[in-house]
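Structural overview
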Amino acid sequence: MRSAASGGAAPTEKGVRMRRIGFSLVAACFLMLGCGDSDEAADEAREMPPAGAMSLLEIAQMLDSAGYGPILEIEFDDGVWEMEGYMDGEYVEIELDPMSGETR
């Protein structure tokens with residue numbers, strides 16, 4: 001902080017309060033972001049395929065041998081394997097049963 005003796009204006013009480021509010025808002029944002037990360041981790045844990053489900057590798061190999069490609073993305077979401085990619089040059093999105101690999 002500058003003092004009046006060094007040629008700078010002394011901070012006003014209002015300026016100090018505004019800085020404190022600003023710092024408080026920044027701290028609150030960091031806390032909220034930190035909580036969001038743990039929620040995302042919990043969501044990821046819930047999105048695991050069930051025991052005995054086909055693996056990502058098995059799903060990818062099955063799709064490749066069925067003629068899909070290029071495959072852009074495969075993820076497990078909402079209880080199914082989801083694939084985004086191409087089949088015969090057309091963009092497709094399909095859902096696959098996690099246990100059998102059959103299209104839903």
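To be clear, the structure that these remarks concern was listed above.
Residues numbered from 1 in each chain as written. Predicted model: local features only at pLDDT ≥ 70, side-chain atom pairs only at ≥ 80, totals over all residues. Heavy atoms only, no water.

Comments concerning the overall build of the chain
The cut-off we apply is this: Each helix is a run of DSSP H or I of at least 4 residues and each strand a run of E of at least 2, with the numbering of both proceeding from the N terminus. When accessible area is computed with a 1.4 Å probe and restricted to protein chains, residues below 20% of their type maximum are described as buried, those above 50% as exposed, and intermediate ones as partly exposed. Residue contacts are counted whenever heavy atoms from the two residues lie within 4.5 Å of one another. Reported accessibility uses the Shrake-Rupley method at a 1.4 Å probe radius. Residues are deemed covered only where the shown protein chains occlude them.
Counting its regular elements, the chain contains 2 helices and 3 strands. Along the chain direction, N to C, the helices and strands of the chain fall in the order α-α-β-β-β. Burial status across the chain gives 17% buried among its 104 residues. Relative to all contacts within the chain whose residues are 6 or more apart in sequence, the contacts with residues 24 or more apart total 30%. Carbon and sulfur atoms form 58% of the exposed surface of the chain, whose accessible area is close to 7,800 Å².

So, the sheet that holds strand β2 (residues 80-87)
Rules: Should DSSP find at least two bridges between two strands, the strands are taken to pair. Whenever a helix is involved, its axis is fitted only over the stretch in contact; in every case the axis is a line through C-alpha atoms, and angles between N-to-C directions fall within 0 to 180 degrees.
Within the open sheet, the 3 strands sit side by side as β1-β2-β3. Their pairing is antiparallel. Here the strands that pair on one side only, and so sit at the sheet edges, are β1 (68-77) and β3 (90-96). Here the average twist between neighbouring strands, direction ignored, is 15°. Taken together, the 7 bridges between β2 and β3 define a ladder with antiparallel strand orientation. Paired with Met87 across the bridge in β3 is Glu90. Here helix α2 (residues 56-65) sits on the sheet in contact with β1, β2 and β3, set at roughly 150° to β1.

Purely geometric numbers; function is a separate question.
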